[in-house]
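# Tertiary structure, described
Each chain is listed here by its residues.
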2 protein chains.
Amino acid sequence: MSNFVIAKSRRVRSTPYTSRIEMQGVTSYTVYNHMLLPASFGTVEENYFHLKEHVQVWDVAGERQVEIKGKDAAELVQMITCRDLSKSKVGRCYYCPIIDDKGGLINDPVILKLAEDRWWISIADSDVKLFAKGIAIGKNFQVEIFEPDVNILAIQGPKSFKLMEEIFGKEISDMKFFGFDYFEFEGVKHLIARSGWSKQGGYEIYVEDRKSGLALYDKLFEVGKKYDVKPGCPNLIERLESGLLSYGNDIDIDDNPLECGFDKLVNTDSEVEFLGKEALKKIKSEGIKKKLMGVKIDTNAISVTKSISIFDENNNEIGELRSGGYSPHFKKVIGIAMLKKPYWETSQNIKISINNKIFNGKVCDLPFI
Amino acid sequence: MSNFVIAKSRRVRSTPYTSRIEMQGVTSYTVYNHMLLPASFGTVEENYFHLKEHVQVWDVAGERQVEIKGKDAAELVQMITCRDLSKSKVGRCYYCPIIDDKGGLINDPVILKLAEDRWWISIADSDVKLFAKGIAIGKNFQVEIFEPDVNILAIQGPKSFKLMEEIFGKEISDMKFFGFDYFEFEGVKHLIARSGWSKQGGYEIYVEDRKSGLALYDKLFEVGKKYDVKPGCPNLIERLESGLLSYGNDIDIDDNPLECGFDKLVNTDSEVEFLGKEALKKIKSEGIKKKLMGVKIDTNAISVTKSISIFDENNNEIGELRSGGYSPHFKKVIGIAMLKKPYWETSQNIKISINNKIFNGKVCDLPFI
């Protein structure tokens with residue numbers, strides 16, 4: 001496959017860290033929420049092995065925040081997710097499918113409860129701000145909805161705990177997964193969550209003070225030398241092995257959360273009201289007709305840039321592959337596929353055409369590991 | 001400036017024409033509405049001279065459609081734009097600022113009235129679908145809102161008229177600017193508008209039938225040989241000279257339409273109701289505090305990838321440059337800038353730093369030509 005250059009402009013926003021990562025050797029970008037998101041530093045496989053052993057600092061400013069605050073904030077946030085947030089606590093992160101009135105997936109963010117009347121929706125790649133604004137206008141809610149100037153640095157990898165302890169002190173290691181709190185760096189408080197888009201452990205620093213963020217960026221590399229710190233970014237192979245879904249790649253508005261394995265987050269039996277509750281109840285009772293599953297394919301390379309049809313042994317089209325990559329762990333290609341009923345059983349054999357050659361594979365559960 | 005590769009994935013959607021333009025030598029991409037949009041074939045300056053003399057076929061599928069249909073479609077469409085559409089006609093295109101309840105710009109699409117109860121919003125780069133959905137849900141409107149599988153081919157340049165006549169017949173030349181109608185190609189009807197994001201004349205073909213669209217694509221190049229047809233894309237220099245604004249580059253949600261020169265499209269004196277009407281009335285009566293203007297800068301190269309501060313002769317910061325490029329016509333850099341009151345007069349001298357060197361310039365009216 002040929003390589004093409006990304007054309008930069010103000011519309012495809014740079015981040016506060018863009019000049020840093022360009023000096024450090026970023027090689028490719030994608031665009032995420034109208035912003036540059038690094039996609040590799042060298043090869044994805046090199047990045048993968050490093051991430052699983054050491055620690056990386058990621059410029060994930062493209063993971064924008066939608067701030068919702070005001071009297072009706074909690075009601076609006078609950079209205080757009082099928083997850084019951086009635087027992088949610090300040091200082092905690094919640095992974096929440098955002099859905100429309102038909103149950104279609106709008107986004108799959110982590111939602112941070114900053115206060116009873118103040119929330120951050122840490123979004124995947126779609127303009128949740130506009131959706132929330134539309135509903136607030138239509139319902140006459142008393143809320144403010146805007147994108148604050150928050151630019152996340154993710155610290156990921158097994159050595160992230162030691163590195164962060166050196167900078168922020170012992171108490172940062174006591175924070176539980178999906179908890180967040182404020183930690184001081186050179187006189188500036190930063191909201192830090194124990195979270196991140198890998199399963200190698202780590203933190204996300206929600207940088208609000210750009211100047212302090214850049215000083216912190218440099219400090220992480222200075223202190224991190226002994227931990228072999230490197231700049232990095234969300235890694236296709238690692239996130240596939242870990243079964244982390246990507247909105248726009250694996251799931252989109254034509255899918256509902258029950259098809260995507262979010263069953264535990266579809267709280268139709270709760271008392272809270274949300275968009276699509278009736279639609280999802282109906283889907284639950286009738287049963288889903290397609291399902292997101294893992295697949296393993298007996299080959300050693302793939303580049304998924306659009307859906308690729310999946311066939312059974314009799315050449316019936318039974319679904320589509322949506323992401324995929326070579327897994328050093330499984331020594332074959334693994335991927336995420338949407339499969340039609342009844343072809344999503346883990347005993348199902350599949351066939352797929354890659355560069356005009358047919359390969360065999362098998363359906364499997366998510367996550368892979 | 002270094003070049004970086006664009007990382008492809010299903011999320012950054014390919015278009016039906018992507019494989020065609022990659023065979024034809026596309027060199028860079030941007031991402032527009034979560035889709036690949038070609039940004040150059042060789043140099044932007046070569047493309048500019050060709051566009052102004054011959055004819056180009058553009059893959060602008062990234063200009064997605066938001067279809068709004070149903071009983072309340074017209075009411076919803078009117079609600080989200082400050083332009084009075086009460087006298088709008090089926091078969092016509094309308095350039096409409098989309099605004100929120102504060103008057104902030106959400107998008108600046110062309111809206112096509114397909115029927116009284118069926119509209120296409122041909123969007124710039126933001127998820128208008130989610131905004132419209134939110135309002136429809138909040139207001140309980142009876143509408144369907146979705147993104148149809150429409151993939152626009154733009155035919156632009158002075159020879160586009162001859163080329164299109166050869167394929168679609170004489171009547172296509174009779175169509176007025178911003179009119180649209182249906183024209184047949186090999187048994188398939190295509191909606192074609194006399195429009196496009198250049199001032200060199202031409203058409204946009206709203207391809208709904210992918211197979212026919214690809215056949216048409218090939219036909220345009222076959223018949224177009226004698227007109228020196230080439231693949232192309234929206235051209236930075238041409239669109240700047242022509243004063244065509246780019247949402248996300250020149251204007252965004254923190255600007256209102258009165259600041260962006262859309263005064264004639266802000267119909268606060270009409271009887272129609274729309275979002276932000278009261279807010280815009282207030283802004284009108286109080287007067288705007290910043291204004292979008294042209295600038296000419298005495299140098300021969302610039303690359304604008306983020307806002308660049310503009311100063312007056314006394315080194316007061318008076319605004320920011322949002323797009324810019326070298327204009328062969330003016331033999332200097334031209335750009336689009338947001339300037340603070342009272343510095344937007346055309347007599348205003350400006351100073352700007354490009355690669356650590358200070359250049360002089362002047363404010364001017366839009367469009368440049």
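Numbers given for residues are sequential positions, taken from 1 along each chain in its written order. All chains are assigned letters beginning at A, and all ligands numbers beginning at 1, according to the order in which they are written. Where totals are concerned, whole chains, interfaces and linings use all residues; where local detail is concerned, this predicted model gives features only for residues with pLDDT of at least 70, and gives and counts side-chain atom pairs only at 80 or more.

### Thoughts on the overall build of chain A
Note the cut-off: Secondary structure elements are defined from DSSP: runs of H or I of at least 4 residues count as helices, runs of E of at least 2 residues count as strands, and each element is numbered from the N terminus. Computation of the radius of gyration draws on C-alpha atoms alone. For the globule rule, the value is 2.2 Å times the number of residues to the power 0.38. Neighbour counting defines burial: a residue surrounded by 20 or more other C-beta atoms within 10 Å of its own C-beta is buried, one with 12 or fewer is exposed, and intermediate counts give partly exposed, using backbone-placed C-beta atoms. This entry defines residue contacts through backbone-placed C-beta atoms, with two residues in contact when those atoms are within 7 Å.
Helices and strands together make up the secondary structure of chain A, namely nine helices and 22 strands. Relative to the compact-globule value of 21 Å for 369 residues, chain A shows a C-alpha radius of gyration of 21 Å, a close match. Its C-alpha atoms give chain A principal-axis dimensions of about 65 × 50 × 40 Å. The buried share of chain A, taken over its 369 residues, is 52%. Considering only residue pairs separated by 6 or more positions, chain A has 66% of its internal contacts joining residues 24 or more positions apart.

### Focus on the interface of chain A and chain B
Spelled out, the test is: As a working rule, the residues Ala, Val, Leu, Ile, Met, Phe, Trp, Tyr, Cys and Pro are called nonpolar, Asp, Glu, Lys and Arg charged, and the rest polar, with Gly in that last group. For two strands to be treated as a pair, DSSP must find no fewer than two bridges joining them.
If you look at the interface, chain A gives 47 residues, while chain B gives 47 residues. Of all the elements in the fold, those that place two or more residues in the side of chain A that touches chain B are β1 (5-6), β2 (28-32), β3 (35-40), α4 (128-139) and β19 (317-327) of chain A. Here the side of chain A that touches chain B gets nine residues from one element, more than from any other, and that element is α4 of chain A. Counted by class, the side of chain A that touches chain B contains 17 nonpolar, 18 polar and twelve charged residues. Here β2 of chain A pairs with strand β1 (residues 5-6) of chain B via two bridges, running parallel. Each residue of the ladder has a partner; that of Tyr-29 of chain A, found in β1 of chain B, is Ile-6 of chain B.

### Section: the domain arrangement of chain A
Residues and elements named next belong to chain A. Quick note on the threshold: The domain boundaries here were taken from an automatic or database domain assignment.
Assigned domains of chain A: these are domain 1 (18-63 + 150-240) and domain 2 (65-148 + 256-286). Contacts between domain 1 and domain 2 engage ten residues on the former and ten residues on the latter. Among the residues forming the side of domain 1 that touches domain 2, the class breakdown is five nonpolar, three polar and two charged.

### Focus: unusual backbone geometry
A cis geometry characterises the amide bond from Lys-341 of chain B onward to Pro-342 of chain B, with omega recorded as 0 degrees. Along the chain, the position of Pro-342 of chain B falls in the loop between β20 (332-340) and β21 (349-354). Cis geometry is adopted by the peptide bond preceding Pro-367 of chain B, which originates at Leu-366 of chain B and carries an omega value of -10 degrees. Tracing the chain through its elements places Pro-367 of chain B in the segment after β22 (357-364). In this structure, Lys-331 of chain A is a non-glycine residue whose phi angle is positive, near 55 degrees. With 10 C-beta atoms packed within 10 Å, Lys-331 of chain A lands in the exposed category.

### Some points on the nonpolar core
A general trend in soluble globular proteins is that nonpolar side chains are found buried together. Note the threshold: Take the buried Ala, Val, Leu, Ile, Met, Phe, Trp, Tyr and Cys residues, join any whose C-beta atoms are within 7 Å, and the set you get is a nonpolar core.
Residues Ile-68, Leu-76 and Ala-132 of chain A together with Ile-68, Leu-76 and Ala-132 of chain B are the most contacted members of the largest nonpolar core, which totals 222 residues. Leave out the neighbours within four places in its chain, and Ala-132 of chain B touches Gly-134 of chain A together with Val-66, Ile-68, Leu-76, Ile-80 and Ile-145 of chain B.

### Overview of the pairing of strand β21 (residues 349-354) of chain A
Residues and elements named next belong to chain A. Relative to β21, strand β18 (residues 308-311) runs antiparallel, the two sharing two bridges. If you follow Phe-311 over to β21, its bridge partner there is Lys-351. Of the strand pairs in this sheet, β21 and strand β22 (residues 357-364) are connected by six bridges, and their pairing is antiparallel. By the bridge assignment for β22, Lys-351 is matched with Asn-360. Taken together, β21 and the strand that follows it, β22, pair antiparallel across an intervening segment of two residues, in which Asn-355 is found at a positive phi of about 50 degrees.

### A short note on the environment of Phe-177 of chain B
Take Phe-177 of chain B: it is sitting in the loop between α6 (171-174) and β13 (180-185). For the pair Phe-177 of chain B and Ala-193 of chain B, spaced 16 residues apart in sequence, the C-alpha to C-alpha distance is 8.0 Å.

### Re the relation of the copies chain A and chain B
So the rule is basically this: Here the copies are superposed with least squares, the fitted atoms being C-alpha atoms of residues at a pLDDT of at least 70 in both.
After a rotation of 180 degrees and a shift along the axis of 0.0 Å, chain A superposes on chain B with an RMSD of 0.0 Å. Taken together, the rotation and translation describe the operation of a two-fold axis. Take the interface residues of chain A: 100% of them recur as interface residues in chain B, which is what a same-surface contact looks like.

### Quick look at the pairing of strand β9 (residues 110-115) of chain B
Residue and element names in this part refer to chain B. Relative to β9, strand β6 (residues 93-95) runs antiparallel, the two sharing three bridges. Across the sheet, Cys-93 pairs through a bridge with Leu-112, a residue of β9. Two elements, β9 and strand β10 (residues 118-122), share five bridges in a ladder whose sense is antiparallel. Considered in β10, the bridge of Lys-113 is made with Trp-119. Hairpin remark: β9 followed by β10, antiparallel, with two residues in the connecting loop.

### Comments concerning the sheet that holds strand β12 (residues 151-156) of chain B
Note: strands within a sheet are paired through backbone hydrogen bonds, in either parallel or antiparallel orientation. All names here are of chain B. Quick note on the threshold: Axis lines are fitted to C-alpha atoms, over the contacting stretch for helices. Their N-to-C directions set the angle, which ranges from 0 to 180 degrees.
As summarised here, the arrangement of the six strands in space is β13-β14-β15-β12-β4-β16, forming an open sheet in which the pairing is mixed. Of all the strands in the sheet, the pair left with one neighbour each is β13 and β16 (230-232). For this sheet the average axis-to-axis angle between neighbouring strands, irrespective of direction, equals 30 degrees. As paired strands, β13 and strand β14 (residues 188-193) are joined by six bridges and run antiparallel to one another.

### Notes on the packing of helix α5 (residues 160-168) of chain B against helix α7 (residues 210-224) of chain B
When two helices pack together, their arrangement is given by the angle between their axes and by how far apart the axes lie. All names here are of chain B. What counts here: Put simply, a crossing is left-handed when the front helix is turned counterclockwise from the back one by less than a right angle, and right-handed when it is turned clockwise.
Their axes nearest at 10 Å, the elements α5 and α7 cross at an angle of 115 degrees. Of the two possible hands of crossing, α5 and α7 adopt the one that is right-handed. Two secondary-structure elements touch here, α5 through Leu-163, Glu-166 and Ile-167 and α7 through Lys-219, Leu-220, Val-223 and Gly-224. Of the residues in the contact of α5 with α7, the class split is four nonpolar, one polar and two charged.

### A short note on α4 of chain A
Residue and element names in this part refer to chain A. Quick note on the threshold: To estimate the expected span of a helix, subtract one from its residue number and multiply by 1.5 Å.
Taking 1.5 Å per residue as the helical rise, α4 with its twelve residues ought to reach 16 Å, and the 16 Å between its terminal C-alpha atoms agrees with that figure. Where α4 is concerned, the buried positions are Val-128, Lys-129, Leu-130, Phe-131, Ala-132, Lys-133, Gly-134, Ile-135, Ala-136 and Ile-137. At the C-terminal side of α4, Asn-140 shows a positive phi close to 60 degrees.

### Thoughts on the confidence of the model for chain A
To be explicit about the condition: A residue's pLDDT is simply how confident the predictor is in it, with values from 0 to 100.
When the pLDDT values of chain A are averaged, the result is 97; 100% of them are 70 or greater. On the interface metric, ipTM, the complex scores 0.97, and its pTM is 0.97.

### A look at the environment of Leu-240 of chain B
Residue and element names in this part refer to chain B. In this fold, Leu-240 is placed in helix α8 (residues 236-241). Of the residues examined, Leu-240 has 29 C-beta atoms within 10 Å and is grouped as buried. Expressed as a C-alpha distance, the spacing of Leu-240 and Ile-336, which sit 96 residues apart in the sequence, is 7.6 Å. With sequence-adjacent residues up to four places away left out, Leu-240 is seen in contact with Ser-323, Gly-325, Ser-327, Ile-334, Gly-335 and Ile-336.

### Quick word on the packing of α4 of chain A against helix α4 (residues 128-139) of chain B
Convention followed: Each angle gets one of four labels, with under 35 degrees taken as roughly parallel, over 145 as roughly antiparallel, 65 to 115 as roughly perpendicular, and the rest as oblique.
Relative to each other, α4 of chain A and α4 of chain B sit at 25 degrees, their axes nearing to 7 Å. Considered as vectors, α4 of chain A and α4 of chain B are oriented roughly parallel to each other. As for the relative orientation of α4 of chain A and α4 of chain B, their crossing is right-handed in sense. Along the contact surface, α4 of chain A presents Leu-130, Phe-131, Ala-132, Lys-133, Gly-134, Ile-135, Ile-137, Gly-138 and Lys-139 of chain A, while α4 of chain B presents Leu-130, Phe-131, Ala-132, Lys-133, Gly-134, Ile-135, Ile-137, Gly-138 and Lys-139 of chain B.

### A short note on α7 of chain B
Taking 1.5 Å per residue, 15 residues should reach 21 Å; α7 of chain B reaches 20 Å between its end C-alpha atoms and fits that length. Residues of α7 of chain B that are buried sit in contact with α1 (18-23), β4 (56-59), β12, α5, β13 and β15 (202-207) of chain B.

### Some remarks on the sheet that holds strand β14 (residues 188-193) of chain A
Residues and elements named next belong to chain A. Strand order in the open sheet formed by six strands is β13-β14-β15-β12-β4-β16, with mixed pairing between adjacent strands. What marks the edges here is a single partner per strand, and that holds for β13 (180-185) and β16 (230-232). Taking the axes of each pair of neighbouring strands and ignoring which way they run, one obtains an average angle of 30 degrees across the sheet. Sheet analysis places β14 next to strand β15 (residues 202-207), joined by three bridges and oriented antiparallel. Within β15, the position partnered with Ala-193 by the bridge is Glu-204. Contacts from helix α2 (residues 44-53) reach β4 (56-59), β12 (151-156) and β16, with the element oriented near 120 degrees to β16. Sitting on the sheet, helix α5 (residues 160-168) is in contact with β12, β13 and β15, with an inclination near 125 degrees to β12.

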